[in-house]
Amino acid sequence: MSGRERVLGRVRRALADVPREEVPYEQAVPRGYLREHGGRSVAETVELLAENLADYRALVHRCTDTGLPSLIAGLLRRHGSASVVVPPGLDPGWLAETEVTRVADTADGTPRALDGVDSVVTGCAVAVAETGTIVLDGSPDQGRRRITLVPDHHICVVRVPGQVVASVPQALGRLDPARPLTWISGPSATSDIELDRVEGVHGPRTLEVVLVTVR
Amino acid sequence: MSGTFVGMPAFPRAARTAVRDTTLRGNLRHATRTIRGKRAQAVAELADWAELREAGRRIKDHTLRHLDRYLEQVEEAVTAAGGTVHWAADADEANAIVAQLVKETGESEVVKVKSMATQEIGLNEALEAEGIRAYETDLAELIVQLGRDRPSHILVPAIHRNRGEIRDIFAREMGAWGRPAPEGLTDRPAELAEAARLHLREKFLRAKVGISGANFVVAETGTLVVVESEGNGRMCLTLPETLISVVGIEKVVPTWRDLEVFLQTLPRSSTAERMNPYTSMWTGTTDGDGPRAFHLVLLDNGRTDTLADEVGRQALRCIRCSACLNVCPVYERAGGHAYGSVYPGPIGAILSPQLRGTGSEIDASLPYASSLCGACYEVCPVAIDIPEVLVHLRERVVRGGPATRDGNKVVLRPAKGHAAERAAMRAARWAFTRPGALRAGQRLASRTRRFHPRTLPGPGRAWSASRDLPAVPAEPFRDWWQRTRGGKDTDR
Ligand code: SF4
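In this text, all values refer to a predicted model and were calculated from it rather than measured experimentally.

Colleague: For this particular structure, what's the right way to read the overall build of chain A?
Modeller: Scanning chain A for helices and strands turns up six helices and 12 strands. Expected size for 215 residues packed as a compact globule is a radius of gyration near 17 Å; at 21 Å, chain A overshoots this value by more than 25%. Along the first, second and third principal axes, the C-alpha set of chain A runs to 70 × 45 × 40 Å. Counting all 215 residues of chain A, 57% fall into the buried class. Intrachain contacts of chain A at a sequence separation of at least 6 include 72% that bridge at least 24 residues.

Colleague: How do you make sense of the interface of chain A and chain B when you look at a structure like this?
Modeller: In many reports, interface size means the accessible area that the parts give up when they come together. Contact with chain A, which involves 77 residues of that partner, is made by 96 residues of chain B. Here chain A and chain B share an interface that buries about 7700 Å² over both sides, 56% of which is from carbon and sulfur atoms. In this structure, the connection of chain A to chain B is made through 14 salt bridges. Across the chain A-chain B interface, the total number found is 41 residue pairs in polar contact (both at pLDDT 80 or more). For the side of chain A that touches chain B, the elements supplying multiple residues, two or more each, are helix H1 (3-14), helix H2 (25-28), helix H3 (42-55), helix H5 (111-115), helix H6 (168-174), strand S9 (181-184) and strand S10 (189-190) of chain A. The dominant element in the side of chain A that touches chain B, judged by the number of residues it contributes, is H1(A), at 10 residues. Class assignment of the residues belonging to the side of chain A that touches chain B gives a composition of 36 nonpolar, 17 polar and 24 charged.

Colleague: What is the right way to read the state of the cysteines from this model?
Modeller: As used in these notes, a disulfide is a covalent bond between sulfur atoms, one from each of two cysteines. Residue and element names in this part refer to chain A. Within this structure, the stated rule accounts for zero disulfides over all chains. The structure places no disulfide on Cys63, whose sulfur is separated from the nearest cysteine sulfur, that of Cys156, by 13 Å. With relative accessibility at 12%, the residue Cys63 sits in the buried group.

Colleague: Help me understand the site of the ligand, please; the structure alone is not making it clear to me.
Modeller: Around the ligand sit B:Cys318, B:Ile319, B:Arg320, B:Cys321, B:Ser322, B:Cys324, B:Ile347, B:Cys380, B:Pro381, B:Val382, B:Ile384 and B:Ile386, and that is every residue in its neighbourhood. For the shell around the ligand, the residue count by class is 10 nonpolar, one polar and one charged.

Thresholds applied
Residues numbered from 1 in each chain as written. Chains lettered and ligands numbered in written order. Predicted model: local features only at pLDDT ≥ 70, side-chain atom pairs only at ≥ 80, totals over all residues. Heavy atoms only, no water. Helix = DSSP H or I, 4+ residues; strand = E, 2+ residues; numbered from the N terminus. Rg over C-alpha atoms; globule rule 2.2 N^0.38 Å. Buried < 20%, exposed > 50% of the residue type's maximum accessible area, 1.4 Å probe, protein only. Contact = heavy atoms within 4.5 Å. Buried area = accessible area lost by both parts, 1.4 Å probe. Salt bridge = Lys/Arg side-chain N within 4 Å of Asp/Glu carboxyl O. Polar contact = N/O pair within 3.5 Å; in protein donor to acceptor, adjacent residues only side chain to side chain. Nonpolar A, V, L, I, M, F, W, Y, C, P; charged D, E, K, R; others polar. Disulfide = S-S within 2.5 Å. Near = heavy atom within 4 Å.

Here it is, written out as structure tokens:
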């Protein structure tokens, strides 16, 4: 007998007491919980996102779309970056005011090569205010998962208010499960040593989130 | 099956040793208190916690009651997305499948994300026997692995080590495994984390095979979810060419939408955060991004035996948040190692004897490793009635009766009268001669939960009517808890 038949056979025998025509899934789960916590205006939701991002030690910046290129240039300069990974679909205008070396995100690049790059700039798929989370889904302006993991400095641009939702349930509704998804809430951290929170174990140690108001 | 720590003494004996170890107790006390205070705050932020908890319970119950259907759906969806699904009835089968998959890649080392399931089946040791070296990459797991130690907490496996011990382990052992610790390493947590970053990075960059578990598997989409903090998970899930995920069959949830419940309750219950730093979700393989080959190994290893028990099956709802450990007065004093399995604390006390059966002395004594205070049930985000299952398992130990082992129905004989009683009495005496542990347990007599009126039959009666039982104070647990914050004022 194959492992499959054995396991499924055991499951079925174990469930001999369960009527096959039980309450269907739709009725089995009460969804009495909230779709979002508290009724906020759009501006307040964006404010909450900024607060919660900062609470988990992301560095939050705000600007308008016209101010974005100079803001990004300044962030790269302040971090001392000489090179930046650029996802294929990133708006070229965002990097218009910086001179740092561009490194393309390609399939044949190696993790080791990425390890030598200082920063990465991406967009995002959605941002969640209640939890201070940005979600990447591998779209062309976000690139392969590894480019936001190996470099030590990640600048993530969130278009507000369009890309901001209040809650986790709302975020899931906007995402496509078929895409590889990365939910990021602050820079990586560990509390494994006497529960002292230490930022930045393996992911980027500096996470900068730019909330850009599109006019 | 594997998973029992070899030569492990039964709970009361191991607990006694642990209680005498003052460093261990100091570390544990600090750790569990810190987490549980923060958790209460994180939970209080959500006005609908009770509804989320109820939804989580119902989702898991529904899935378990139709698990065959959902497992087939998982298989179909993962396969359609480019993955390959394997089924393992026990630890040996799972280990053999993984070893074979690694060999097919021609590699002799793998990087691993912390996973309870792979610890449960002893995967690292099995791979070692096949000439494959598995590198643990979670900071705490690294500390445990370098220290040739055993994990003692689900979430913070090195909770029993303080910073000085960790520094010594890094300075002494890192060189033998790869990049040595920097010269002059101090015991500052940030420096220790940096040493781990450097040590592990070279392993991530060259890794060709990654091994993980998963927190959730979504049946309708075939999506796997890994929740983590450090980024080592992302490294293992995205940099290697081959990814192998070993996942217990109870991790399935029916729909994508169900994640909205658990992504709210899990981080708050476990690390007391609104959201953990990184959550990865993937469905099969993606062209040009991440591993080219993905294997999902669905693991039974005693889960179907647990499922066959109508009372005990609720233990399979567990999402491994570890909240029950952090509130448990017995765990706080005894530490994780005393439970003799990878699942410590209250959840371990009901899960291990079901996954492994109550044949061994340690497994027969685990249902007694509790004062039945009920704090674990109160905090559990999927409302597992741990005291109810404990009492049920105690009955099984002392009275015997029908059970399922390795998929077969068996009738357990009562544990030899005197042996059962001795195990019970030893455990009881251990708890009851410790005022701190006991004070938390007083609700045993005052609670109105359904297990309360039952007395233990047979030899167990002697236990429940024990002369060692001190008088029960009238103060309910919760009042006591708030007043003393877990016995801080008591003498230990
Ligand atoms: S039993 Fe409940 S509280 Fe304990 S680890 Fe599992 S889900 Fe968390």
